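An overview of the molecular structure
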Amino acid sequence: MYLRTELSSSSPEGGEAATRPQDDVKMGVVFGLLWLFTGLLQGVHGQGVYAPPTVRIVHSGQACNVEEERYSERVYTIKEGETLELQCLVTGHPRPQIRWTKTAGGASDRESSLHNETLRIENINRHQGGRYYCKAENGLGSPAIRSIRVDVYYLDDPVITIHQSVGEAKEQFYFERTVFLRCVANSNPPVHYTWRRGREVLSQGSDSGVEIYEPFFTQGETKILKLKNLRPQDYADYTCFSSVRNVCGIEDKSAHFTLSNRTAPPSIKLLLDDPLVVNPGETITLVCVASGGEPHPSLKWMRPDGQQLPKRSVVKGGTLTIPAVAIDDGGVYSCVGSNNVGNPAKKTTTILVRGLRKGRFWITPDPYHNDDNIQIGREVKISCQVEATPPEELQFSWLKNGRPLRSSERMVITHTDTDVSPGTTNLDIIDLKFTDFGTYTCVASLRNGGTPEISIDVNISSTTVPPELTIPRGRSHLITQEGDTVDLQCLVSGKPKPIILWSRVEESGVAAAAAATALMPDGSIQTESYDGILRISNVTREMSGTYRCQTSQYNGFNVKPREALIQLVVQFPPAVEPVHTEIRQALGRAFSLTCRLLRAHPARLLRYEWKLGTRLLTVGQFSDQRDDTNYHVRALNREGYGEYTCDITNEAGAGRCTFLVTGKAYPPEFYYDTYSALWQNRPRVYGFKLQWTQMEPNAVDRILAYRLGIRQMGQSRWWEQEIPMEGTIQKGELLTYNLTELIKPESYLVRLTPITRYGEGDSTERIITYSGRLSREFQCGFEDEALCLFSQDKNDVFDWTRHSAATRDTKYTPNTGPSSDHTGSKQGFYMYIETSRPRLEGDTARLLSPTFNSKSSPVSNNPTYCFAFYYHMYGKHIGALNIFLRQKGQAVTDTLVWSLTGNQGDRWCQAKVNIHPTTAFQMVIEGVRGSGIEGDIAIDDVTIEEGECKDPPPNSESLAPPSSPHIWQHCITLILALIGQQR
């Protein structure tokens, strides 16, 4: 491949001459002259091309219909299962970032997002319908947001259900009774129903014994066929047809039902015990059979509240088999029988899986004395508690030193009622004696076995004493550092030794509601400890606070809990900002660096230390009044480039601010809104007008050149070329470089890197794609949803609307607006302003064209363009139609070039006007609302072409100032003559 590029400020046609390798020597002088020529042109392009974003949503793919809603967004209709493809077209410079979001409208709906120009959803389903938003932002002005509502159409198979009138006898269900056949189908849009008996189409009034109606509360969701006082001829085959009138190509669907004198609602029965008590590990089978009903009912097993059946379970018809049943499989199971006649039949059973859980004990001293200790001659109670399934099978027994113990006058054994869960047994020892000391064992078991028994040993002796809780010396106030592991310890004495419960305590003064939210490091409200130690690993600053340890009232003495408090203080290094930032500076300039302290503990005796690389710059100590430290550079030299660090330290460590001071230039910003960027030199090659601005060009030293790299997609080789820059580039200045000899239809990756005396700056890349659409005249008939990159002005009162006469609503304003587009087609589109309410007199709507690059330069006259369009201004309240030339130079200026007011009749007229832009420009089409609602103004078929207008029609007088000759036109003649002599 041979590639030639050239810097130019004229039109792309300037690079049409082909170049061959053998011509390199001849072209040397020519390029030299061209560099002189381009040096004069560089820097005179349109200034201030920075623009806030505009956005438009267009569709491709398989839409059924796209409607324009009045005063609202468009509605995109698509069939379920098809592919949704929406494209977000944006303008604005720098290139806006795009984000797609969807919200379905409910408070509980989640928002999903996608950062891409194209939103594509394959096999779309009904739940993916809703409102989709495209948001574009580039840091200028407000983000641009547009929305489109996606309406997913579908039609499910209809279902026929049969019902008898309320209160009538169940016996002989359909003999001389009123019967209702109800047809229901889920759909969007609403479904249309048709009933047929045999081959006879039933309609309201066609049969005195038949009534067809739609319940008021259903709003089109169903159609009921009422058979009054059932007759012999009503025993027949019935068909319900559901239709959405073939919208989106959705075919009609139908359901059938045969009504006979045997038709009956379902009845079922369970062939099992209720409740069903089983042992863990057994295989159980639940059998449900239909005992009646015509048609034969279908059977289904389910659990309440949407619980899933066990994963191991197997369902076959009405039989549910659960192998190796576990305790968690216990609960309620329901069998439901349905045949669409009457109400479904439901039978429920409960599965109880035998088991014993959570065995606990506690010792209660004599409650009649204010003493927590066990004493000879007083009463003591031992309690034992177990959770059992089923609770009625729970049984307890007591042992003393391994021998069975029976209830007596001094050893009283009691049990709670079996209906109370968990089950509890108590052993009351009256008038405790030395001979009563020993080990008492509580044994819990199930009467019918099936699970191991639980044994709990409790020792009663002279050493059985209530607990005491203390904190080790010096451990009630702990100081640790973030990231360490710390042990909080409570020493517990007593026999038996109780479980320790750890929890957090909110500081005094904090609301009680906040105290309820204080969680332990593991996220729980309370943590158990058997050795009295709470270990916290990788401690964080959020774990600072007061911790409570207390004795539990189970597995120990049933007395008032003992508790103690431990204060934990977590020290952490200073948190600072900015953690890392890049600062771009030119040589010789002054600047300051600021490191800010956010928080630290301890927050006293803070020191700071500034360095450049390893070189110490300054040190100091924070005062109580300051929370930041600054370092000033008065004049940056080459040695001043590098990494500056500021360390702020306390006892726990240091926080660091890092500043990378560099002279690298910011990346270029490619300009994507160039109109007609592609052009064609010869049949097999094409050219591309590459345009860009420089981000913050004045932040660093002057940009001396750009390194241009280009690579054909799919290949690895890069071609590189340096583009010298003369003079200083201004912010917002649009630079142009023409790429030629690009091979059709290949795409290319282009990389642009700015160069200063510091070195290379940041690069930017973009892909150039051959589109095959090469035109030297701008034309727009608004047939494409993208509006040829026209956009709505954000600063007007209302918007122009794209419409066709075939879809335009003339219900409120029949005496205004066009009845077709300018060619006479009712299917063709145009743009118009809707002046009905809520519009007021004087309200304006502005439509902005794409940005065009003027061919003006210091060596040529200001070019002339012909701006032409068709307008329709019909109605007794017509306001005004104004055309402005908006030029984007050092400042944006709007110049009125054409204007017309009042009723011009029910016809399309053409207007042409000459314009003379000197910089990048846009055309602004402004519609002004008149005194009433009959004031719709429409436009169609807009064109912009080079040269003066030919045969301008009436009402086309230009209001723009004429162009004037320029002294530089003689320079281009001289340069072209030199090129000719070289040849």
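Residues numbered from 1 in each chain as written. Predicted model: local features only at pLDDT ≥ 70, side-chain atom pairs only at ≥ 80, totals over all residues. Heavy atoms only, no water.

Where an unreviewed UniProt entry is consulted, the protein appears under the name MAM domain containing glycosylphosphatidylinositol anchor 2a, with the organism given as Oreochromis niloticus. In UniProt, the protein has this text filed under Subcellular location (unreviewed entry): "Cell membrane". (UniProt positions renumbered as here; feature names shortened; annotations may be inferred.)

Take the side chain of N188 next. Topologically, N188 is positioned in strand β13 (residues 187-188). Polar contacts involving the side chain of N188 include one to the side chain of D151, which spans 2.7 Å. Those residues in contact with N188 that lie beyond four places of it in its chain are D151, V152, Y153 and Y154. (Helix = DSSP H or I, 4+ residues; strand = E, 2+ residues; numbered from the N terminus. Polar contact = N/O pair within 3.5 Å; in protein donor to acceptor, adjacent residues only side chain to side chain. Contact = heavy atoms within 4.5 Å.)

Our next topic: the nonpolar core. Membership of the largest hydrophobic core comes to 35 residues, with the highest contact counts inside it found for W800, L881 and I925. Ranked by the residues each element gives to this core, the list is headed by strand β67 (residues 865-873), at 5 residues. (Core = buried A, V, L, I, M, F, W, Y, C linked by side-chain atoms within 4.5 Å. Buried < 20%, exposed > 50% of the residue type's maximum accessible area, 1.4 Å probe, protein only.)

Let us look at the packing of aromatic side chains. Under the defined criterion, the tally for this structure stands at 17 aromatic pairs. Here the aromatic rings of Y830 and W908 are separated by 6.0 Å at their centres, their planes lie at 65 degrees, and the arrangement is edge-to-face. One end of the pair, Y830, is in strand β65 (residues 829-833); the other, W908, is in the loop between β69 (892-901) and β70 (909-915), and 78 residues separate them in sequence. Residue Y830 is classed as buried on the basis of its relative accessible area, which comes to 0%. Its relative accessible area of 18% is what places W908 among the buried residues. With a centroid separation of 6.2 Å and 55 degrees between ring planes, the pair formed by F869 and Y871 is classed as tilted. Owing to a relative accessible area of 1%, Y871 belongs among the buried residues under this scheme. By the ring-pair criterion, three or more aromatic residues cluster together here, those being W610, Y631, Y644 and F659. Across from the ring centre of F829, 3.7 Å away, lies the NZ or CZ of R802, which sits over that ring. (Phe/Tyr/Trp six-rings, centres within 6.5 Å; stacked < 30°, edge-to-face > 60°. Lys NZ or Arg CZ within 6 Å of the ring centre and 35° of its normal.)

Across the 7 residues that make up strand β33 (residues 423-429), a large majority, 7, are buried. Burial of the side chains of β33 extends over both faces: G423, T425, L427 and I429 are buried on one face and T424, N426 and D428 on the other. Across 7 bridges, the pairing between strand β29 (residues 380-389) and β33 is antiparallel. What sits directly across from I382, in β33, is L427. When strand β32 (residues 411-415) meets β33, the two strands line up antiparallel, connected through 5 bridges. (Pairing = 2+ DSSP bridges.)

Looking now at the state of the cysteines. This model, assessed by the stated rule, comprises 7 disulfides. Each sulfur in the disulfide pair C490 and C549 lies 1.8 Å from the other. Across the disulfide from C490 to C549, rotation about the S-S bond amounts to roughly -85 degrees, and the bridge is consequently left-handed. Taken together, the residues C490 in the loop between β38 (486-489) and β39 (491-495) and C549 in strand β43 (residues 545-551) connect sequence positions 59 residues apart. There is no split in this pair, since C490 and C549 are both buried. Disulfide pairing places C866 opposite C949 at an S-S distance of 2.1 Å. Taking the sign of the torsion about the S-S bond as the criterion, the disulfide between C866 and C949, at about 105 degrees, is right-handed. (Disulfide = S-S within 2.5 Å.)

In this section: unusual backbone geometry. For the bond from T389 to P390, the omega torsion is -10 degrees, close enough to zero to count as cis. Structurally, the position occupied by P390 is in the loop between β29 and β30 (394-400). Residue K495 is joined to P496 through a cis peptide bond whose omega torsion reads -5 degrees. By secondary structure assignment, the location of P496 is in the loop between β39 and β40 (500-505). In the Ramachandran plot, N229 falls in the positive-phi region, its phi being about 45 degrees despite a non-glycine side chain. Secondary-structure assignment places N229 in the loop between β17 (222-227) and β18 (237-243). Residue classification places N229 among the partly exposed residues on the basis of a relative accessible area of 48%. The phi torsion at N401 lies on the positive side, around 50 degrees, for a residue other than glycine.

On average, residues of the protein carry a pLDDT of 84, and 85% of them reach 70 or more. Predicted confidence is poor over residues 168-175, with pLDDT under 50, and the contacts of this stretch with residues over four places away or in other chains come to 17 contacts. (pLDDT = per-residue confidence, 0-100.)

To continue, consider the sheet that holds β30. Each strand in a sheet pairs with another by means of backbone hydrogen bonds, the pair being arranged parallel or else antiparallel. Strand order in the open sheet formed by 4 strands is β31-β30-β34-β35, and the pairing between neighbours is antiparallel. Both outer strands of the open sheet, β31 (403-405) and β35 (454-460), are each paired with one neighbouring strand and no more. Strand-to-strand twist of the sheet, defined as the mean angle between neighbouring strand axes without regard to direction, takes the value 35 degrees. Bridging between β30 and strand β34 (residues 438-446) involves 7 bridges; their strand directions are antiparallel. Looking at β34, one finds that K400 is bridged to Y440. (Axes fitted to C-alpha atoms, helices over the stretch in contact; angles between N-to-C directions.)

Here the idea is simple: oppositely charged side chains can pair when their charged atoms come close. A full pass over the atoms with the stated rule returns 43 salt bridges. The salt bridge partner of D329 is R312, with a shortest N-O separation of 2.3 Å. With D329 in the loop between β25 (319-322) and β26 (331-338) and R312 in the loop between β23 (298-302) and β24 (314-316), this pair connects stretches of sequence that are 17 residues apart. A salt bridge links D843 to R839, with the shortest nitrogen-to-oxygen separation between them at 3.5 Å. Judged by its relative accessible area of 12%, D843 falls in the buried class. Since its relative accessible area comes to 15%, R839 is described here as buried. Salt bridges here are not isolated pairs; linked through shared partners, they connect R707, E720, E722, R751, E760 and E765. (Salt bridge = Lys/Arg side-chain N within 4 Å of Asp/Glu carboxyl O.)

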